[in-house]
Amino acid sequence: MEKKELPDLQMDGVNTAAGGKYNKVNINGVSKINGALSAHTYKCDGVMKMNGDLAAEEMEINGNFRLKGNLQAGVMKLNGVLTGDGNLRGERCELDGMLKLKGNCEVEELIGEGVFTVGGLLSAGRIEFGLHGLAEAGEIGVESLIIRKTGSAAWGRLLGGIIPKFKLELRANLIEGDYIDLEYTTADVVRGGTVIIGEGCSIGRVEYRTGLTVHPGARVEKEEKNGA
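These figures come from a predicted structure and were not determined experimentally. Here, residues in each chain are numbered from 1, in the same order as that chain's written sequence. With the structure being a predicted model, the display of local features is reserved for residues of pLDDT at least 70 and the display and counting of side-chain atom pairs for 80 or more, all residues being used for whole-chain, interface and lining totals. Only hydrogens and water are removed before side-chain values are computed, so all heavy atoms of the structure are retained for them.

1. Overview of unusual backbone geometry
Line of reasoning, step 1. At Tyr184, a position not held by glycine, the phi torsion is positive, near 45°.
Line of reasoning, step 2. Secondary structure elements follow DSSP: runs of H or I of four or more residues count as helices, runs of E of two or more count as strands, with numbering from the N terminus. Position of Tyr184 among the secondary structure elements: in the loop between strand E7 (169-182) and strand E8 (185-197).

2. What about the environment of Ala39?
Line of reasoning, step 1. Looking at the element boundaries, Ala39 is found in strand E1 (residues 9-51).
Line of reasoning, step 2. Each residue is placed in one exposure class: buried if its accessible area under a 1.4 Å probe, protein chains only, is under 20% of its type's maximum, exposed if it is over 50%, and partly exposed if it falls in between. The buried category is assigned to Ala39, whose relative accessible area is 8%.
Line of reasoning, step 3. Distance from Ala39 to Gly211, taken between C-alpha atoms, is 45 Å for residues 172 residues apart in sequence.
Line of reasoning, step 4. In what follows, a contact means two residues having at least one pair of non-hydrogen atoms within 4.5 Å. Those residues in contact with Ala39, other than ones at most four positions away along the chain, are Tyr22, Asn23, Val25, Ala55, Ala56 and Glu57.

3. Some words on the domain arrangement of the chain
Line of reasoning, step 1. The domain limits used here are those given by an automatic or database domain assignment. What the domain assignment lists for the chain is domain 1 (1-86) and domain 2 (97-228).
Line of reasoning, step 2. The working definition used for a salt bridge is a side-chain nitrogen of Lys or Arg within 4 Å of a carboxyl oxygen of Asp or Glu. Counting across the interface, domain 1 meets domain 2 through 1 salt bridge.
Line of reasoning, step 3. Polar contact criterion, stated in full: a pair of N or O atoms within 3.5 Å, where within protein one must be able to donate a hydrogen and the other to accept it, and residues adjacent in sequence count only if both atoms are side-chain atoms. Our count for the contact surface shared by domain 1 and domain 2 stands at 6 residue pairs in polar contact (both at pLDDT 80 or more).
Line of reasoning, step 4. Amino acids outside the nonpolar list (Ala, Val, Leu, Ile, Met, Phe, Trp, Tyr, Cys, Pro) and the charged list (Asp, Glu, Lys, Arg) are all regarded as polar, and Gly is one of them. Taken together, the residues of the side of domain 1 that touches domain 2 break down into 3 nonpolar, 4 polar and 1 charged.

This is the structure we're talking about:
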């Protein structure tokens, strides 16, 4: 029996469609999809509302995306704003904008700049991120985490002021990883192998195994060295 090829989905202008299984999905304009959707490649330019789960091996979102469901992606490029009610799972997320999730975020790599809000656990192999506003997560678990302050007026103009003008900072209850290098971060506990607490940080307790460096402008209430 021959394997049936999946159809493509093209949406232009103002449209509404049902979910389903597709090969390629290309959306331009203002669109709504009702139901779960899976695709090999998914590209959206404009404004999208998705009522259901979304899964794609390759994903590119440019604009404003509202997802009432879970998101699973191999490689995802987000330029704009993605707001999701569920969880995100993927291999690589390249973010230039705002990612806001009520659930957990589990990726191999999260790189880029902007802001993110993760209601639950943010888990990754590597995070390298430049802050342009207030970023938050309940807990962060990583192998390698590098947070930098990289806010710029030019970047803000590109997004048309969609990111709220909050204090430029990362906030989390717990940050844990093998290598942690932070700037402008507020956390109750930071726990890791090699830990660098940079400028603008305010940390309740730092637990480290290999090494600890604290910037003169940072505040750490308690330091504790644990066995290797």
